[in-house]
Amino acid sequence: MNKNIFFTILLVVFVSVPVLFTSCNSCSDRRTGDINKLPGVYRGEATIVLPDHVKAMVPPEAKGMIPEGPIPCGIEIQADTNGTLALKLVDFTMPVRSITVDAATATITSTNGIFSLKGNGNVSVGSRKMSYTHEGTIKNDSLAIDITVSIIPFVVEPKIVFKGKITRLPIP
C-alpha cells in the first residue's frame, strides 16, 4: 500500500513539474505577431569594441584596418512569413575586399512595446567562415544591437555595437 502511494506521488510530481515549467516559459517568452512596423532601414553608427588582449594580438601593419571611432552604416530589416526577421548590412564597404557578411536571422519577442531580437549569422573571410551572434532591442523606431563575432571561441570575440534610427520604411 505504501509503495503504491509513493509511486503515485512520484508520478504526479514528474508529470506536473515539466508542464508547470513549460507553461511558465511560454508566458515569459511571448513571440510577437505584430512585426509589420519593424522592417526598414536603420541608419546609425557601429563601434568595434576590442578587449585589450585582442588589441595586443593585432600586428602593427593591420592596425589601420580597425577603425578607432564609430563607423556610419545601416542595417536593413526584412520580415518573412514565418515571423522571423532577416538583418542585412547596407551602405558599408568592408576594409578588406574578401570579407562578406551574410544576412542574419533573428527571432522576435515583445514586452511592453519593446521588441527583443536574438539570432546569428556568418562572416566570410576568403574561404574561412566565422559565426556571430546578435542580441538587441527595437524601441520607438530605434535599434540598438550588440554583435559578437567568434573568431576563436572564448578567446578572440570582438563586439560590434550598433545604434540607429529607422530612416526608410520598406515598400509595401
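Rules used throughout
Residues numbered from 1 in each chain as written. Predicted model: local features only at pLDDT ≥ 70, side-chain atom pairs only at ≥ 80, totals over all residues. Heavy atoms only, no water. Helix = DSSP H or I, 4+ residues; strand = E, 2+ residues; numbered from the N terminus. Buried < 20%, exposed > 50% of the residue type's maximum accessible area, 1.4 Å probe, protein only. Areas by Shrake-Rupley, 256 points an atom, 1.4 Å probe, with all protein chains shown as cover. Pairing = 2+ DSSP bridges. pLDDT = per-residue confidence, 0-100. Contact = heavy atoms within 4.5 Å. Salt bridge = Lys/Arg side-chain N within 4 Å of Asp/Glu carboxyl O.

Helix and strand counts for the chain come out as two helices and nine strands. Reading the chain from its N terminus to its C terminus gives the helix and strand order α-β-α-β-β-β-β-β-β-β-β. Every one of the 172 residues in the chain was classed for burial, and the buried ones make up 27%. Put simply, the chain shows about 11700 Å² of open surface, and 61% of that area lies on carbon and sulfur atoms.

This part takes up the pairing of strand 5 (residues 104-111). Pairing of strand 3 (residues 85-90) with strand 5 involves three bridges; the strand directions are antiparallel. Bridging from a neighbouring strand, leucine 87 pairs with alanine 104 of strand 5. Alignment of strand 5 against strand 6 (residues 114-125), held across seven bridges, turns out to be antiparallel. Its bridge partner being in strand 6, threonine 105 is matched across the sheet by asparagine 120. The loop that links strand 5 with its antiparallel partner strand 6 comprises two residues; one of these, asparagine 112, has a positive phi angle of about 50 degrees.

For residues other than glycine, phi is negative in most cases, and the peptide bonds are mostly trans. Located in the positive-phi region is asparagine 112, a residue other than glycine, with phi close to 50 degrees. Along the polypeptide, asparagine 112 turns up in the loop between strand 5 and strand 6. At asparagine 140, a residue that is not glycine, the phi angle is positive and equals roughly 50 degrees. Residue position: asparagine 140 is located in the loop between strand 7 (128-139) and strand 8 (142-150). When its relative accessible area of 64% is taken as the criterion, asparagine 140 is described as exposed.

This part covers the confidence of the model for the chain. The predicted coordinates ought not to be read in detail in places where the model reports low pLDDT. Per-chain confidence: the chain averages 76 in pLDDT, with 74% of residues scoring 70 or above. A low-confidence stretch, residues 10-14 (pLDDT under 50), is modelled with one contact involving residues beyond four sequence positions or located in other chains.

Summarising the element assignment, glycine 121 is placed in strand 6. A C-alpha to C-alpha distance of 9.1 Å links glycine 121 and leucine 87, two positions 34 residues apart in sequence. Beyond its immediate stretch of four places on either side in the chain, glycine 121 contacts Ala104, Met130, Ser131 and Tyr132.

Further remarks concern the pattern of salt bridges. For the structure on display, the rule yields one salt bridge. A salt bridge links aspartate 102 to lysine 129; its shortest N-O distance comes to 3.1 Å. Highlighted residues: aspartate 102 in the loop between strand 4 (99-101) and strand 5 and lysine 129 in strand 7, separated in sequence by 27 residues. Owing to a relative accessible area of 29%, aspartate 102 belongs among the partly exposed residues under this scheme.

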